[in-house]
Amino acid sequence: MFAVGLTGGIGSGKSTVADLFAKRGVTLVDTDLIAHRVTAPGGPAMPDIAAEFGASFVASDGSLDRARMRALVFSDENARKRLEAITHPLIRVETERERQQAQGPYVIMVVPLLVESGNWKTRVDRVLTVDCSVETQIARVMLRNAFTREQVQAIIARQASREARLAAADDIIVNDGASLEALDLDVDRLHRIYLSLAAA
Ligand code: ADP
């Protein structure tokens, strides 16, 4: 199945754009949801996480203790790598399975860390980056998540740069001060292109 990797920094508008494609009958494969599922109660990553990090990282319901793991990997790059060595292959298998099973003309894979992690660019047929200024990202995420400016800036600092995401893109949607109607038109234009590429 023809796959478009949709990426963008936090607050750029990935979910908003993904929903506009879904409205047109395109199947979404959401890697954040999949990542959550592999560490949910009974999730396939949980036995290895318990073995690698200890039972204290497993919550009472059998899911990952997210707050505890977040605190660890925030300050310990090696721990982050050990965690990703467990989760990434499982996320990869699951995303490929969803792609194979998808209905509709093509799939949009929503991959927030497409530029940051692994060989995503080679796994999709096309990369679509949603772009906006850092100031816009900060304003949106402060509003959406009730975060402070400093909290949003810390997240942005750990993500790839705007330039790196633009450099990886085949297509770009500029979502800075754009109305939802304008976004809808952009999605319409790209949807036509993807339909013909998927059919080719
Ligand atoms: P991401 O998935 O990239 O983190 P979202 O799609 O969730 O970003 O957008 C972040 C926030 O900004 C959401 O609350 C969303 O409704 C809002 N938003 C995104 N694009 C626009 C826009 N063009 N106009 C108004 N609000 C927007």
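Residues numbered from 1 in each chain as written. Predicted model: local features only at pLDDT ≥ 70, side-chain atom pairs only at ≥ 80, totals over all residues. Heavy atoms only, no water.

The name given to the protein chain in an unreviewed UniProt entry is Dephospho-CoA kinase, and the organism recorded there is Paraburkholderia diazotrophica. Here is the UniProt Sequence similarities (unreviewed entry) comment for the protein chain, exactly as written: "Belongs to the CoaE family." Under Subcellular location (unreviewed entry), UniProt gives the following word-for-word description of the protein chain: "Cytoplasm". (UniProt positions renumbered as here; feature names shortened; annotations may be inferred.)

(A) Structural context of the pattern of salt bridges. With the rule as written, the count across this model stands at 15 salt bridges. The closest approach of N and O atoms between Arg-99 and Glu-96, which form a salt bridge, is 3.9 Å. With Arg-99 and Glu-96 both in helix 5 (residues 77-101), this residue pair falls three residues apart, about one helical turn. For Glu-96, a relative accessible area of 22% gives the class partly exposed. The salt bridge partner of Arg-126 is Asp-171, with a shortest N-O separation of 2.8 Å. Of this pair, Arg-126 sits in strand 4 (residues 126-131) while Asp-171 is found in strand 5 (residues 171-174), placing the two residues 45 residues apart along the sequence. Connected via shared salt-bridge partners are Lys-23, Arg-24, Asp-184, Asp-188 and Arg-192. (Salt bridge = Lys/Arg side-chain N within 4 Å of Asp/Glu carboxyl O. Helix = DSSP H or I, 4+ residues; strand = E, 2+ residues; numbered from the N terminus. Buried < 20%, exposed > 50% of the residue type's maximum accessible area, 1.4 Å probe, protein only.)

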